[in-house]
Amino acid sequence: METITREHDARQRTAAMRPRSAVADLRSDTVTRPTPRMLAAMMAARTGDDVFGDDPTVLALQDRLAEMLGFEAALFLPTGTMSNLCALMAHCERGDEVLVGQKAHTYKYEAGGAAVLGSIQPQPLEQEADGSIALERIAGAVKPDDPHFARTRLLALENTFAGQVMPQDYVRAATRLARDLGLASHLDGARLFNAACAQGLRAIEIACHFDSLSVCLSKGLGTPAGSVLVGSAGLIARAHRIRKMLGGGMRQAGILAAAGLYALEHHVDRLKEDHARAATLAHALRSLGGLRVVQATNMVWVEAGDDPQRDTRLLDQLVAQLLASGVEVLDRRPLRLVTHLDIGDEQLAVVLDAIAVVASDCRI
Ligand SMILES: *Cc1c(COP(=O)(O)O)cnc(C)c1O
């Protein structure tokens, strides 16, 4: 047993020490390294102590995003998970309920934080492929004012969801329904700018429908860390207290906020390049035949097609070839490939070459 543990530890250590040898890393858009110019902006950042509220760069980032997204106030947080949690806890009291997608990040991938730390009851609801929840399902899940039930308080949506853009008509209808039902609405907009870019919209055109919204700076925008929550002044004041409670108050956080300000200036318009490269990648994968390939914004999802045995082998072969070519992927099914700031034409060419090798093997 001890040997196993020790071997496991050794493996973990080796993994942590492994040099960055991958030619291209398609595991996630979180893997980006700060660019030299972003690092220069971080080095030049004026800082203070953000727990005392006097870090000028953090204040500037918060002001910038509040203005950009049309909200009264904003709060800088270390992660998107903490940002969503602060939002949920600021909207809901103990014993309140949030309506949320069955596969939503806020429900499924945040370690149950809202329930554990906020005593908020989630009501998970089935979602469509684009992450939307049918309006009837939302309306049907709201509990009457009755001592038997938790108080339904909040609707939480996610855009993009698995890379899919939520249609604007739906955003309008769902947030209007929430308002009519007396619910507040929160958007997990970790990839809000991808959603806006894909539709040729300004981010505010999506944001304006919600009572609060969380956006990640560490995904497509390419910063080392950081998320921002926007909302009314009252909501953000409550979230601020909760951030402190959760241990998320940071001191000279201006170093990180400077990366965010830089990214808002330089890395928003370029998201369309990530989407275009994802489309090129999807096209190459479809040409293999036998795989089910779905591309949405900067994500490509790959599954075995109609002949499960043959196609599963093809998919395994593809993953093996990508890894052999120095392309990092998460060996999961469905396979998810994500484009980002560190996947330029050169890295994409390596990926396309690996796909071409698989294609020629298929023909033999
Ligand atoms: C990444 C992500 C978050 C936040 O994740 P952190 O790793 O905590 O920053 C939240 N929602 C979605 C949809 C995400 O993809």
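About the cut-offs
Residues numbered from 1 in each chain as written. Predicted model: local features only at pLDDT ≥ 70, side-chain atom pairs only at ≥ 80, totals over all residues. Heavy atoms only, no water. Helix = DSSP H or I, 4+ residues; strand = E, 2+ residues; numbered from the N terminus. Rg over C-alpha atoms; globule rule 2.2 N^0.38 Å. Buried < 20%, exposed > 50% of the residue type's maximum accessible area, 1.4 Å probe, protein only. 1 Å grid on protein atoms, 1.4 Å probe; cavity = no way out; pocket = protein on both sides within 12 Å on 5 of 7 lines; lining within 4 Å. Points joined across faces, edges and corners; volume = space filled by probe spheres on them. Nonpolar A, V, L, I, M, F, W, Y, C, P; charged D, E, K, R; others polar. Core = buried A, V, L, I, M, F, W, Y, C linked by side-chain atoms within 4.5 Å. Contact = heavy atoms within 4.5 Å. Pairing = 2+ DSSP bridges. Polar contact = N/O pair within 3.5 Å; in protein donor to acceptor, adjacent residues only side chain to side chain. Near = heavy atom within 4 Å. Areas by Shrake-Rupley, 256 points an atom, 1.4 Å probe, with all protein chains shown as cover. Sits in = over half its atoms within 2 Å of the grid points. Phe/Tyr/Trp six-rings, centres within 6.5 Å; stacked < 30°, edge-to-face > 60°. Lys NZ or Arg CZ within 6 Å of the ring centre and 35° of its normal. Axes fitted to C-alpha atoms, helices over the stretch in contact; angles between N-to-C directions. Domains from an automatic or database assignment.

Q: Looking at this model, I keep getting lost on the overall build of the protein. Mind explaining?
A: For the protein, the helix and strand inventory stands at 15 helices and twelve strands. At 22 Å, the protein has a C-alpha radius of gyration in line with the 21 Å of a compact globule built from 364 residues. Dimensions of the protein, computed from C-alpha atoms along their principal axes, come out at roughly 65 × 55 × 50 Å. Across the 364 residues that make up the protein, the buried fraction comes to 49%.

Q: So what exactly am I meant to see when it comes to unusual backbone geometry here?
A: Note: most residues except glycine have negative phi, and most peptide bonds are trans. Between asparagine 159 and the following residue, threonine 160, the backbone shows a cis peptide bond with an omega angle of 0°. For the bond from arginine 333 to proline 334, the omega torsion is -10°, close enough to zero to count as cis. Within the secondary structure, proline 334 sits in the loop between strand S11 (327–328) and strand S12 (335–338). Residues other than glycine seldom take positive phi values, yet alanine 111 does so here, at roughly 60°. Residue position: alanine 111 is located in the loop between helix H5 (105–108) and helix H6 (113–118). By relative accessible area, alanine 111 is classed as exposed at 73%. Look at alanine 162: it is not a glycine, yet its phi comes out positive at around 50°.

Q: Would you take a moment to explain empty space enclosed by the protein for this structure?
A: Where empty space is left in the structure can be found by rolling a water-sized probe over the atoms. On inspection of all chains with the given rule, the structure shows one cavity of 30 Å³ or more. For the largest cavity, the full set of lining residues is Ala190, Arg191, Leu192, Phe193, Asn194, Val215, Cys216, Lys219, Gly220, Leu221 and Leu271. Counting only elements with at least two residues in the lining of the largest cavity, the list comes to helix H9 (192–199) and strand S7 (212–216). Sorting elements by how many residues they give to the lining of the largest cavity places H9 first, with three residues. Residues belonging to the lining of the largest cavity are distributed by class as follows: seven nonpolar, two polar and two charged.

Q: In this structure, what is going on with the nonpolar core? I would like to understand it.
A: One broad trend across soluble globular proteins is that nonpolar side chains are buried collectively. Core analysis: the largest hydrophobic core is formed by 47 residues, its most contacted members being Leu65, Leu69, Leu157, Phe193 and Val228. Once residues lying within four places of it in the same chain are set aside, the contact partners of phenylalanine 193 are Leu65, Met68, Ala203, Val215, Leu221, Leu264, Val268 and Leu271. Counting residues in hydrophobic clusters, the runner-up holds 28 residues, among them Leu314, Leu315, Leu337 and Val358.

Q: Quick question: what am I supposed to make of the pairing of strand S10 (residues 299–304) here?
A: Put simply, side chains in a regular strand alternate between the two faces of the sheet. Here strand S9 (residues 291–296) runs beside S10; their pairing, made up of six bridges, is antiparallel. Note that in S10 the partner of valine 294 across the bridge is tryptophan 301. If you look at the hairpin formed by S9 and S10, you'll find two residues sitting between the two strands, and threonine 297 has a positive phi there, around 45°.

Q: Got a minute to help me understand the environment of tryptophan 301 in this structure?
A: The topology assignment puts tryptophan 301 in strand S10. Sequence-wise, tryptophan 301 and phenylalanine 193 are 108 residues apart; in three dimensions their C-alpha atoms are separated by 20 Å. Filtering out sequence-adjacent residues up to four positions away, tryptophan 301 remains in contact with Ala162, Arg292, Val293, Val294, Pro334, Leu335 and Arg336. A polar atom in the side chain of tryptophan 301 sits 3.0 Å from the backbone oxygen of alanine 162.

Q: Teacher, can you tell me more about the site of the ligand here?
A: The full set of residues close to the ligand is Thr79, Gly80, Thr81, Asn84, His105, Glu110, Glu158, Asp188, Ala190, Arg191, Cys216 and Lys219. Here an oxygen atom of the ligand and a backbone polar atom of glycine 80 are 2.8 Å apart. Histidine 105 places a polar side-chain atom, nitrogen or oxygen, 3.4 Å from a nitrogen atom of the ligand. Compared with its free state, where it exposes 380 Å², the ligand has 81% of that area covered by protein. Judged by its atoms lying within 2 Å of the grid points, the ligand is housed in the largest pocket.

Q: Can you walk me through the packing of aromatic side chains in this structure?
A: Two numbers describe a pair of aromatic rings. These are the distance of the centres and the angle of the planes. Enumeration according to the criterion identifies zero aromatic pairs in this entry. Over the ring of phenylalanine 52 we find arginine 251, and its NZ or CZ is 5.9 Å from the ring centre.

Q: When you look at the sheet that holds strand S8 (residues 227–231) in this model, what are you seeing that I'm missing?
A: Remark on secondary structure: sheet strands pair via backbone hydrogen bonds, oriented parallel or antiparallel. Here we have seven strands laid out as an open sheet, ordered S2-S8-S7-S6-S5-S3-S4, and mixed in their pairing. In this open sheet, the two strands that pair with only one neighbour each are strand S2 (73–77) and strand S4 (121–125). The sheet shows a mean angle of 20° between the axes of neighbouring strands, taken without regard to direction. As paired elements, strand S5 (residues 151–158) and strand S6 (residues 184–189) share five bridges and run parallel to each other. If you follow alanine 156 over to S6, its bridge partner there is histidine 186.

Q: Sorry, what's going on with the layout of surface pockets here?
A: Empty space within the largest pocket amounts to approximately 1300 Å³. Residue lining of the largest pocket: 45 residues in total, with Tyr109, Ala162, Met299, Trp301 and Arg336 positioned closest to the centre. Where the lining of the largest pocket is concerned, the elements lending two or more residues are helix H4 (80–91), H5, S7, S9 and S10. For the lining of the largest pocket, the leading source of residues is S10, giving four residues. In the lining of the largest pocket, the residues fall into 16 nonpolar, 15 polar and 14 charged. There are two domains that each give the lining of the largest pocket at least three residues, and those are domain 1 (2–29 + 270–363) and domain 2 (36–266).

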